[in-house]
Amino acid sequence: MSQLIQLGEFLMTNGRAEPSIVAAGYWLRKSHLLSIKAEYPISQLKAKGAVFHIAPGNVDTLFFYSMIISVLCGNQTILRVSNNVSAEAQTLLDLLNQFNAQLETEHVIASLLTVIQYQRDDIITAKISSACDSRVIWGGNESIDHICQFPLVNGNSDNICFPDRYSVAVIQLKDEVEINSAVDNLLRDIKPYHQQACSSPKVVYWLNTAHSLQDKFWLLLDQRLSQQKSLEATELIAQLLYIQRLPLLLSADKVDKNKCLLKKYDLLQVLEIESISLNSIKSHSGLWVLLSLQINSLGDIELFEHCQTMTVSGFDKSQCKHWQSTTLQPLKRIVPAGQALAFSHLWDGVNLIENLTS
């Protein structure tokens, strides 16, 4: 554990230019690891053996967390990343190499972790899978189904899968004083990974909030987002195509008389609609497009089966707990706004520690 703490300190010191790398380092702080150890006596758990991790293509550093948990559980961990990783992911991999190189003697991370890079290749994936006891797969539904066809050692089917998900935010503003903190919180949830992480909200439900306050909220959010981020030409095209397709996506699901009003800002694009549809969510590519809906109570929210996270801001959390205990709506977790991307070993309804030990 001490070497993981050292790694965390190293990442926070040397990865300051990348917030997601700093966050990964902070996740390895001593107090957090000790809290996990207190909940799960890891020294008394038996490692699964060899675990093959296949990193997602759209979220730059998410692979780090499941990889480290696997190492923490004592598994021989093999991580596959694409040759076309983002600059941010490559920086994280470079820092891992630098950390290993600076140590005079071999340590647990180097002995348990192997990172390989290759483009999609079924022969290589099948060969590695056949030597592993378990597999952690991040990716789209089709990609996961394709990889799961390759058997693990002894024909095992021990796959931990994190498929396509979407998330929502519920915000209530009573006056202008609350706007600043609400904007900061949503920005923390959507700025990283171009809003493409499964836990980054793509839908905002406004709970009994005046339109004048909403307008000021959107304007401030766009100003702060534009100061820190930009989009490539291809991303701007993808953003525009989704906006143009949205009315068709809504009508394809027979969402009758569903208005679709675009509020265009410098970088942020807000689409006011009356109800969401499955196609409108499945086709949503992130890139700081937000679907905006008005609700009078939490009971007005309708979620699809692959909804992962709800962030809440500006109202009594007891309301949310009561709603969660009584609703039939599918939902993996509810967290305060600003904490959507805070990783936990309990992720997407899966306990990684329990699933990576036996």
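Chemist: How do you make sense of the overall build of the chain when you look at a structure like this?
Modeler: Scanning the chain for helices and strands turns up 14 helices and 14 strands. Its C-alpha atoms give the chain a radius of gyration of 21 Å, within 12% of the compact-globule value 21 Å for 358 residues. Counting only C-alpha atoms, the chain reaches 60 × 45 × 40 Å along its principal axes. Counting over 358 residues, the chain shows a buried share of 49%. Summarising the internal contacts of the chain: among those between residues at least 6 apart in sequence, 73% fall at separations of at least 24. Total accessible area on the chain stands at roughly 16,600 Å², and carbon and sulfur atoms take up 50% of it.

Chemist: Teacher, can you tell me more about the nonpolar core here?
Modeler: Buried together is how nonpolar side chains tend to be arranged in soluble globular proteins. Within the largest apolar cluster, 46 residues are counted, with the highest numbers of intra-cluster contacts made by Leu7, Phe63, Phe64 and Phe343. At 8 residues, helix H4 (residues 63–72) tops the list of elements feeding residues into this core. Discounting residues that sit within four places of it in the chain, Phe63 has contacts with Ala55, Pro56, Leu79, Val81, Ala89, Leu92 and Leu93.

Chemist: What is the right way to read helix H9 (residues 179–190) from this model?
Modeler: Since the α-helix turns once every 3.6 residues, residues separated by three or four places project in the same direction. Between the first and last C-alpha of H9 there are 16 Å, a value that for 12 residues agrees with the 16 Å anticipated at 1.5 Å per step. Taken together, the buried positions of H9 are Ile179, Ala182, Val183, Asn185, Leu186, Leu187, Asp189 and Ile190. The inward-facing, buried residues of H9 contact strand S6 (166–171), strand S7 (201–207), helix H10 (211–228), strand S10 (289–295) and strand S11 (307–313).

Chemist: How should I be thinking about the packing of helix H1 (residues 2–14) against helix H2 (residues 19–27) in this particular structure?
Modeler: Pairs of packed helices are described in terms of their axes, by the angle between the two and the distance that separates them. Axis separation between H1 and H2 bottoms out at 7 Å; the angle between their running directions is 155 degrees. Between H1 and H2, the crossing angle belongs to the class labelled roughly antiparallel. Of the two elements, H1 crosses H2, and the hand of that crossing is left-handed. Where H1 abuts H2, its residues Gly8, Leu11 and Met12 lie against Ile21, Val22, Gly25 and Tyr26.

Chemist: I keep staring at the side chain of Gln239 and nothing clicks. Help me out?
Modeler: Examined against the element boundaries, Gln239 turns out to sit in helix H11 (residues 233–252). In this structure, Gln239 is in contact with Leu231, Leu267, Gln269, Leu287, Trp288 and Val289, ignoring residues within four places of it in sequence.

Chemist: Could you clarify how one ought to interpret unusual backbone geometry in this entry?
Modeler: For residues besides glycine, phi is generally negative; the peptide bonds are generally trans as well. At His194, a position not held by glycine, the phi torsion is positive, near 55 degrees. A positive phi angle is found at Gln195, which is not glycine, with a value near 65 degrees. When you line up the elements, Gln195 lands in the loop between H9 and S7.

Chemist: Which parts of the structure should I look at to understand the packing of aromatic side chains?
Modeler: Aromatic rings in a pair are described by how distant their centres are and how their planes are angled relative to each other. Inspection of every chain in the model, using the stated rule, returns 12 aromatic pairs. Taken together, a centroid distance of 5.6 Å and an interplanar angle of 55 degrees make the contact between Phe10 and Phe99 tilted. Taken together, the positions of Phe10 in helix H1 and Phe99 in helix H5 (residues 87–102) put the pair 89 residues apart, joining distant regions of the chain. Comparing Phe10 with Phe99 shows no difference in burial state: the two are buried. Arranged with centres 5.3 Å apart and planes meeting at 80 degrees, the rings of Phe217 and Trp218 form a pair that is edge-to-face. Note on accessibility: Phe217 and Trp218 belong to one class, buried. Linked through ring pairs, Trp27, Phe64, Tyr65, Trp138, Phe162, Phe343 and Trp347 together constitute an aromatic cluster. The positively charged end of Arg29 is found above the aromatic ring belonging to Tyr26, 4.0 Å away from the centroid. One residue, Arg80, lies across the ring of Tyr118, its end atom 4.8 Å from the ring centre.

Chemist: How should the sheet that holds strand S5 (residues 159–162) be read in this particular structure?
Modeler: Two strands in a sheet stick together by hydrogen bonds in their backbones, pointing the same way (parallel) or opposite ways (antiparallel). The strand order S3-S2-S1-S4-S5 describes an open sheet built from 5 strands, whose pairing is parallel. Edge positions in the sheet fall to strand S3 (113–117) and S5, since each of these pairs with one other strand and no more. On average, each strand axis in the sheet is inclined to that of its neighbour by 15 degrees, with strand direction left out of account. Of the pairings in the sheet, the one linking strand S1 (residues 50–54) to strand S2 (residues 76–81) comprises 5 bridges and is parallel in character. Its bridge partner lying in S2, Val51 is registered against Thr77.

Chemist: How do you make sense of the pattern of salt bridges when you look at a structure like this?
Modeler: A side chain with one charge may pair with a side chain of the opposite charge, provided their charged atoms come close. Under the criterion given, the structure shown has 6 salt bridges. Lys48 is the salt-bridge partner of Asp158, the closest N and O atoms lying 2.6 Å from each other. Separated by 110 residues along the polypeptide, Asp158 in the loop between helix H8 (141–147) and S5 and Lys48 in the loop between helix H3 (30–39) and S1 bring together distant segments of the chain. You can call Lys48 partly exposed: its relative accessible area is 24%. Between Arg165 and Asp348 there is a salt bridge whose closest N-O contact spans 2.9 Å. Taken together, the residues Arg165 in the loop between S5 and S6 and Asp348 in the loop between strand S13 (346–347) and strand S14 (350–351) connect sequence positions 183 residues apart. Each member of the pair, Arg165 as well as Asp348, is classed as buried. When salt bridges that share partners are traced, they join Asp215, Lys263 and Glu272 into one network.

Chemist: Would you take a moment to explain the pairing of strand S12 (residues 333–336) for this structure?
Modeler: Looking down a regular strand, the side chains alternate between one sheet face and the other. Every second residue of S12 is oriented toward a common face, the buried set being Arg333 and Val335 and the non-buried set Ile334 and Pro336. Relative to S12, S11 runs parallel, the two sharing 4 bridges. Looking across to S12, one finds that Thr309 is bridged to Arg333. Taking the sense of rotation as the criterion, the β-α-β connection linking S11, helix H13 (residues 317–326) and S12 turns out right-handed.

Rules behind the numbers
Residues numbered from 1 in each chain as written. Predicted model: local features only at pLDDT ≥ 70, side-chain atom pairs only at ≥ 80, totals over all residues. Heavy atoms only, no water. Helix = DSSP H or I, 4+ residues; strand = E, 2+ residues; numbered from the N terminus. Rg over C-alpha atoms; globule rule 2.2 N^0.38 Å. Buried < 20%, exposed > 50% of the residue type's maximum accessible area, 1.4 Å probe, protein only. Contact = heavy atoms within 4.5 Å. Areas by Shrake-Rupley, 256 points an atom, 1.4 Å probe, with all protein chains shown as cover. Core = buried A, V, L, I, M, F, W, Y, C linked by side-chain atoms within 4.5 Å. Expected span 1.5 Å × (residues − 1). Axes fitted to C-alpha atoms, helices over the stretch in contact; angles between N-to-C directions. Parallel < 35°, antiparallel > 145°, perpendicular 65-115°, else oblique. Left-handed = near helix turned anticlockwise from the far one by under 90°. Phe/Tyr/Trp six-rings, centres within 6.5 Å; stacked < 30°, edge-to-face > 60°. Lys NZ or Arg CZ within 6 Å of the ring centre and 35° of its normal. Pairing = 2+ DSSP bridges. Salt bridge = Lys/Arg side-chain N within 4 Å of Asp/Glu carboxyl O. Right-handed = clockwise from strand over helix to strand, strands pointing away.

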